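For reference, the chains in residue letters:
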Number of protein chains: 2
Amino acid sequence: MSGSWRSFGDEPLPVPLAAALSAFSEQGYHGTSIRRIAEKAHLSVPGLYHHYPSKQALLEGLVMTVMQELLDHSGQALEEAGPSAQRRFDHVVECLLRFHMHRRRQAFIASTEIRSMKPEVRDAYIALRDQQQRMLDRIVEQGVAEGVFATAYPQDASRAVTTMCVAVATWFRPDGDLGPDQVVQRYLSLARATVGAESG
Amino acid sequence: MSGSWRSFGDEPLPVPLAAALSAFSEQGYHGTSIRRIAEKAHLSVPGLYHHYPSKQALLEGLVMTVMQELLDHSGQALEEAGPSAQRRFDHVVECLLRFHMHRRRQAFIASTEIRSMKPEVRDAYIALRDQQQRMLDRIVEQGVAEGVFATAYPQDASRAVTTMCVAVATWFRPDGDLGPDQVVQRYLSLARATVGAESG
DNA sequence: CGGTACAGACCGAGCGGTCGGTCGGCACAG
DNA sequence: CTGTGCCGACCGACCGCTCGGTCTGTACCG
């Protein structure tokens, strides 16, 4: 379906994951006790462990599924953009922005709790994250090669754009002054400027 | 002294603070035990408490002094820049960049452990951080008013620039491919592009 | 000069409490 | 009567922090 990458499903998370998400985003992984998660899930501690084998598995469940979702959506956004570097850039950046607004808490956890992941989880997560970054890197390189982007430092510009999109998750509020469409408009304009595209 | 805001002193931290910094940046605040800090400081647990009254005081000591240092340096950078918006912008951005390279671990802790600060510490830290942000906001507004910056969204652009400078602390390595001067050159170019300054 | 008084730096042992995780069992659906 | 979903009770380990005390110096008194 056209533009389907723009919307993110609103089917709720499994209760224990939702509880973990809420707790982790308030206190962080190590600052959250398993008892607090159980309480938020309206379960006893063993009841929680019936569904997930460990605290780490809750983190993994939150982080890996949401990163896979981002990759799926941005892959679709890229596919739908066609060959134009400008359109590819715009689509992927918009996808990044919408993702970090719709999935802000999961995205925030994923990017701030890397230190709390056990090596195998961390490695798997980093691999997905790098894949996402390389997607944008290649688009910016393509744009520079074709002369539609003017930056002298394509890779740094690409990372800077990703950074500002990721940071949206730290300040965006669904009930804030700016709605998602406004944020997309503004940040797309800023992102284009950063890579030296013509149009503001 | 001219340009003194460009360099950051290399006098080492007090041993307990250095130990806490090292531990916090590896495992995070809640992931670090007071015993681990004591071990890194070559002290017993009571020996550590002889110097600092609590774990929270160690975090406060790390975060507040380094933020004050940033404000001092960027104030000096601003003063030395004179009235030109372009020069003011360049100086403050360069100061932000050099700070986040020289003090990368402290800056990283400060920006990632906000959740771990007790309310009074957090409020004080946020106040300093906002002061720094407003400094750049006003410069960008001035530049737009004078017509030397072209962005349609001055405040968002200002926040985006701050964000990319802060993020330098997460990936910069003193022994990496890029030296501090190169990073300053590249990111200054990107930051100018983001606010729509003429020169790349 | 020797002796006393004191202070800062530090530690072994251990406090009450919480941590992540587990065990055995109960209620109920198929 | 078996499997699923769940829980009260509990485990060993570890948490942040404190107690009572020991050192090493240093300053001042006589």
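Residues numbered from 1 in each chain as written. Chains lettered and ligands numbered in written order. Predicted model: local features only at pLDDT ≥ 70, side-chain atom pairs only at ≥ 80, totals over all residues. Heavy atoms only, no water.

As for the overall build of chain A
Note the cut-off: Per the convention used, a helix needs a DSSP run of H or I reaching at least four residues, while a strand needs a run of E reaching at least two, with both numbered from the N terminus. Our radius of gyration is a C-alpha quantity, and the globule rule it is checked against amounts to 2.2 Å times the number of residues to the power 0.38. Here, Shrake-Rupley sampling with a 1.4 Å probe gives the accessible areas, and only protein chains in the shown set may cover a residue. His is not counted, nor are the chain ends; Lys and Arg add positive charge and Asp and Glu add negative charge. Where a charge sits is defined by one atom per residue type, namely NZ (Lys), CZ (Arg), CG (Asp) or CD (Glu).
The number of helices and strands found in chain A is nine helices and zero strands. Starting at the N terminus and ending at the C terminus, chain A contains elements arranged as α-α-α-α-α-α-α-α-α. Its C-alpha atoms give chain A a radius of gyration of 18 Å, near enough to 16 Å, the size a compact globule of 200 residues would have. For chain A, the spread of C-alpha atoms along the principal axes amounts to about 60 × 35 × 30 Å. Accessible surface for chain A amounts to roughly 9100 Å². Of this, 51% is attributable to carbon and sulfur atoms. Chain A carries 21 positive and 23 negative side-chain charges, and their two centres are separated by 6 Å.

Observations regarding the relation of the copies chain B and chain A
The following threshold applies: The superposition of copies rests on a least-squares fit of C-alpha positions from residues with pLDDT of 70 or more in both. Note on contacts: a residue pair qualifies if any of its non-hydrogen atoms lie within 4.5 Å across the two residues.
Superposing chain B onto chain A takes a rotation of 180° plus a shift of 0.0 Å along the axis, which leaves an RMSD of 0.0 Å. Both copies of the chain, as the preceding transformation shows, are related through a two-fold rotation axis. Closest to the rotation axis within chain B is the C-alpha of B:Thr194, separated from it by 2.3 Å. Mapped onto chain A, 100% of the interface residues of chain B are again interface residues, and the two copies thus contact each other with one and the same surface.

Some details on the domain arrangement of chain A
Interface size, as often reported, equals the accessible area lost upon joining of the parts. Residue and element names in this part refer to chain A. Put simply, the rule is: Residue ranges assigned to the domains are those given by an automatic or database domain assignment. Accessible area that two parts lose when put together, evaluated with a 1.4 Å probe and summed over both, is termed the buried area. Throughout this description, the term salt bridge denotes a Lys or Arg side-chain nitrogen within 4 Å of a carboxyl oxygen of Asp or Glu. Polar contact criterion, stated in full: a pair of N or O atoms within 3.5 Å, where within protein one must be able to donate a hydrogen and the other to accept it, and residues adjacent in sequence count only if both atoms are side-chain atoms. Gly counts as polar in this scheme, as do all residues outside two lists: the nonpolar Ala, Val, Leu, Ile, Met, Phe, Trp, Tyr, Cys and Pro, and the charged Asp, Glu, Lys and Arg.
By the assigned domains, chain A splits into domain 1 (11-53) and domain 2 (62-195). Just the C-alpha atoms count here: the centres of domain 1 and domain 2 sit 28 Å apart. Of the roughly 760 Å² buried between domain 1 and domain 2 on both sides combined, carbon and sulfur atoms contribute 73%. The largest per-residue losses of area from domain 1 upon contact with domain 2 belong to Leu 21, Ser 25 and Tyr 29, which jointly make up 55% of the total buried on that side. For the pair domain 1 and domain 2, the number of links is zero salt bridges. Counting the contacts that link domain 1 with domain 2 gives one residue pair in polar contact (both at pLDDT 80 or more). Residue composition of the side of domain 1 that touches domain 2, grouped by class: six nonpolar, three polar and no charged.

Re the protein's contact with DNA strand C
How we decide: Note on terminology: near, applied to a residue and a molecule or strand, indicates that one of the residue's heavy atoms is within 4 Å of it.
In the region of DNA strand C, 16 residues are neighbours, and A:Ile34, A:Arg35, B:Ser44, B:Pro46 and B:His51 sit closest. Among the atoms of DNA strand C close to the protein, meaning within 4 Å, 50% are from sugar or phosphate groups. Separating a phosphate oxygen of DNA strand C from a backbone N or O atom of A:Ile34 is a distance of 2.7 Å. A distance of 2.4 Å is found between a phosphate oxygen of DNA strand C and a side-chain nitrogen or oxygen belonging to B:His51. Mapped onto the surface near DNA strand C, the elements with two or more residues apiece are helix H2 (34-40) and helix H3 (45-51) of chain A together with helix H3 (45-51) of chain B. Among the elements that line the surface near DNA strand C, the one with the most residues is H3(B), at four residues. Its residues assigned to classes, the surface near DNA strand C comprises six nonpolar, seven polar and three charged.

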